[in-house]
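# Topology and contacts: notes
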Amino acid sequence: MNKDPKFIVFEGIDGAGKTTQINLLCKALEKRGFSCFVTAEPTDMPSGKAIRRALAKEVDKTPLEMAEMFARDRELHNTDAKAGIEKMLADGTTVICDRYYYSSLAYQGTVLGYDTVAALNLDNPNIRRPDICIFLDLTPEKSLQRIGGRGEKTEIYENFDYLTRTRKTFFEIFDKLRQRGELISVIDADGDVEEVSTRILAAVADIFK
Ligand code: TYD
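Residues numbered from 1 in each chain as written. Predicted model: local features only at pLDDT ≥ 70, side-chain atom pairs only at ≥ 80, totals over all residues. Heavy atoms only, no water.

Quick look at the sheet that holds strand E4 (residues 132–137) now. Pairing is parallel across the open sheet formed by five strands, whose spatial order is E2-E3-E1-E4-E5. Each having just a single partner strand, strand E2 (36–40) and strand E5 (184–188) make up the two edges of the open sheet. Here the strands of the sheet are splayed against their neighbours by 20 degrees on average, with no regard to which way each runs. Strand direction decides the pairing type here: E4 and E5, joined by five bridges, are parallel. Counterpart to Asp137 in the pairing with E5 is Asp188. (Pairing = 2+ DSSP bridges. Helix = DSSP H or I, 4+ residues; strand = E, 2+ residues; numbered from the N terminus. Axes fitted to C-alpha atoms, helices over the stretch in contact; angles between N-to-C directions.)

Below, the discussion takes up the environment of Val193. Counting through the fold element by element, Val193 comes out in helix H9 (residues 193–205). Residue contacts for Val193: discarding those within four places in its chain leaves Thr20, Gln21 and Leu24. (Contact = heavy atoms within 4.5 Å.)

The next point concerns the site of the ligand. As a structural note, the neighbourhood of the ligand is formed by 13 residues, with Lys18, Arg74, Arg99, Ser104 and Gln108 the closest of them. Within the side chain of Arg99, one N or O atom sits 2.5 Å away from an oxygen atom of the ligand. Ser104 places a side-chain nitrogen or oxygen 2.5 Å from an oxygen atom of the ligand. Isolated, the ligand exposes 540 Å² of accessible area, and the fraction of that covered by the protein chains is 74%. Where the shell around the ligand is concerned, the elements lending two or more residues are helix H2 (46–55), helix H3 (63–79) and helix H5 (101–112). (Near = heavy atom within 4 Å. Polar contact = N/O pair within 3.5 Å; in protein donor to acceptor, adjacent residues only side chain to side chain. Areas by Shrake-Rupley, 256 points an atom, 1.4 Å probe, with all protein chains shown as cover.)

A few words now on the packing of aromatic side chains. Counted under the stated rule, the structure contains 11 aromatic pairs. Plain terms: the ring middles of Phe135 and Phe171 are 5.7 Å apart, the flat faces sit at 70 degrees to each other, and that makes the pair edge-to-face. Taken together, the residues Phe135 in strand E4 and Phe171 in helix H8 (residues 160–179) connect sequence positions 36 residues apart. Phe135 sits in the buried class, given a relative accessible area of 0%. Its relative accessible area of 29% is what places Phe171 among the partly exposed residues. Cluster of aromatic residues (ring-pair linked, three or more members): Phe7, Tyr100, Tyr101, Tyr102, Tyr107, Phe135, Phe170, Phe171 and Phe174. Above the face of the Tyr100 ring, Arg74 is positioned so that its terminal group lies 5.5 Å from the ring centre. Against the face of Tyr114 rests Lys176, its NZ or CZ located 4.4 Å from the ring centre. (Phe/Tyr/Trp six-rings, centres within 6.5 Å; stacked < 30°, edge-to-face > 60°. Buried < 20%, exposed > 50% of the residue type's maximum accessible area, 1.4 Å probe, protein only. Lys NZ or Arg CZ within 6 Å of the ring centre and 35° of its normal.)

If you want it as structure tokens, here you go:
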């Protein structure tokens, strides 16, 4: 395994187990001698907090304004001098990020169209291309079972049709991004935690060769 730092992104529909698997991957990499940093979008920076206020409908934003806010937060996430993605990679640390521009292309893209969101993200030189995107894939049926099992109240958007549409949109954007040379690995997230973790490690091993 080579030890060059990598930029790894996780995406997945609700209930797919992103948080658990991100932490397990980080631990597995650290065991192999890598230094590893876990981060997420929207960020905890003011630009990300403003997004959360808008998501909670505390402030009103148009879909285009939302897409711009996500892209701006992402740019700052890349370039922040203290804990930005670029800085971490330059220090030799592998970065694992929970959600990235795939979410913008899927969620904001559904409303605004792929091209508008792609222009805000893929054409921005300050928004780095990940080395790999791991998509934790779960059927909407399984996803709803898991969300229900957590005992959390199911949010309105976590219904069957919404999950079905979102998953389909992700697959469509993956086709487009693969044509641009991106490495996207769809991992079957239906299985016990160790099983899924092993699948992820096998996919990630490819980028450290
Ligand atoms: P969060 O509470 O982090 O959700 P999750 O645990 O499911 O990741 O909220 C992030 C929400 O923001 C989530 O519903 C997806 C959405 N989102 C976008 O619509 N576009 C984006 O570019 C990103 C990063 C997130």
